Amino acid sequence: MAVYLHEEDLPEGALAPGILAIDTETMGLVTTRDRLCLVQISDGGGDEHLVRFNAGSRFAAPNLKAVLADPARLKLYHFARFDLAAVHHYLGVMAAPVFCTKIASKLVRTYTDRHGLKDLVRELLGKEISKQQQSSDWGAPALNDAQQEYAASDVRYLHAMHAILVDRLAREGRTEIAQACFDFLPTRALLDVAGWADRDIFSHE
Ligand code: MN
């Protein structure tokens with residue numbers, strides 16, 4: 001099990017077929033302002049691949065884009081809405097189909113309002129992850145060991161949690177409504193970037 005850091009694209013054939021776990025790190029929370037710095041990927045086999053983009057990158061990354069856009073590969077995220085928007089804005093591909101562990105958690109863990117990745121990993125898998133590097137400088141020309149480990153840990157547990165959450169959704173009879181939410185996420189992400197980030201277009205107001 002290792003963490004691989006790549007510059008500007010994924011090497012061809014780096015990933016096994018099947019479901020992928022995806023996360024991104026950016027310069028901040030405003031997608032159109034805050035550039036995409038890192039895309040993290042796990043194929044569930046125990047390695048994590050980090051693809052770093054430099055300041056001024058043209059975001060060519062043909063191998064990464066092909067994998068992200070592959071309609072045959074389910075992509076797992078924790079809060080897919082943000083990552084889909086960043087990937088679409090900077091890489092120009094919609095990285096679907098989607099399973100979002102945060103939405104699944106909200107649909108089945110109705111006994112808590114703690115749906116952060118750290119809380120979910122702790123409850124479902126009994127593992128501890130650190131969020132200390134979350135707000136560090138992801139645009140730096142070199143990522144330190146703590147940043148690389150943090151970035152990798154954000155995709156390390158999504159496959160295991162996906163398996164558990166699929167069972168929990170089925171147990172609670174919420175598989176279909178969860179799927180409908182996941183299917184809407186690309187549209188929700190596009191609305192965010194198009195200027196409706198803070199407006200709920202379904203609300204009466
Ligand atoms: Mn992350």
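The rules behind these values
Residues numbered from 1 in each chain as written. Predicted model: local features only at pLDDT ≥ 70, side-chain atom pairs only at ≥ 80, totals over all residues. Heavy atoms only, no water. Helix = DSSP H or I, 4+ residues; strand = E, 2+ residues; numbered from the N terminus. Buried < 20%, exposed > 50% of the residue type's maximum accessible area, 1.4 Å probe, protein only. Contact = heavy atoms within 4.5 Å. Areas by Shrake-Rupley, 256 points an atom, 1.4 Å probe, with all protein chains shown as cover. Lys, Arg positive; Asp, Glu negative; His and termini not counted. Charge placed at Lys NZ, Arg CZ, Asp CG, Glu CD. Pairing = 2+ DSSP bridges. Axes fitted to C-alpha atoms, helices over the stretch in contact; angles between N-to-C directions. Phe/Tyr/Trp six-rings, centres within 6.5 Å; stacked < 30°, edge-to-face > 60°. Donors = N, O, S within 2.8 Å, 3.2 Å for Na, K, Ca; no water.

K.L.:
Lay out the overall build of the protein with the relevant residues and their values.
P.N.:
Secondary structure assignment for the protein yields 7 helices and 6 strands. Going residue by residue from the N terminus, the α and β elements of the protein occur as β-β-β-β-α-β-α-β-α-α-α-α-α. Taking all 205 residues of the protein together, 48% fall into the buried category. In the protein, 64% of the contacts between residues at least 6 apart in sequence involve partners at least 24 apart. Carbon and sulfur atoms form 54% of the exposed surface of the protein, whose accessible area is close to 10,200 Å². Here the protein contributes 22 positively and 28 negatively charged side chains, and the mean placements of these two sets differ by 3 Å.

K.L.:
Now, about the sheet that holds strand β6 (residues 98-100): what can you tell me, with residues and values included?
P.N.:
The strand order across the open sheet built from 6 strands is β1-β4-β3-β2-β5-β6, with neighbouring strands paired in mixed fashion. If you trace the sheet from one side to the other, it starts and ends with β1 (3-7) and β6, each paired once. Between one strand axis and the next, the sheet turns through 25° on average, direction left out of account. Sheet topology note: the β1/strand β4 (residues 48-52) ladder contains 5 bridges and is parallel. Of the residues in β4, the one forming a bridge with Leu5 is Leu50.

K.L.:
Tell me about the packing of aromatic side chains, residues and numbers included.
P.N.:
This structure, assessed with the given rule, holds 5 aromatic pairs. Look at Phe53 and Phe59: their rings are 4.9 Å apart centre to centre, the planes differ by 50°, and that puts the pair in the tilted class. Classification of Phe53 as buried rests on a relative accessible area of 1%. Both rings, one in Trp138 and one in Tyr150, keep their centres 5.8 Å apart while their planes meet at 35°; by these two values the pair is tilted. Of the two residues, Trp138 sits in the loop between α4 (117-125) and α5 (145-156) while Tyr150 sits in helix α5, which places them 12 residues apart along the sequence. As far as the burial class goes, Trp138 and Tyr150 line up, both buried.

K.L.:
Run through the coordination of the manganese ion, naming residues and quoting values.
P.N.:
Surrounding the manganese ion are the protein donor atoms Asp23 (OD), Glu25 (OE) and Asp154 (OD), at 2.0 to 2.1 Å. All donors of the manganese ion belong to a single chain; written as a sequence motif, their spacing is D-x1-E-x128-D. In this pair, Glu25 is assigned in strand β2 (residues 20-26) and Asp154 in helix α5, connecting sequence segments 129 residues apart. Exposure class is identical for Glu25 and Asp154. Each is buried.

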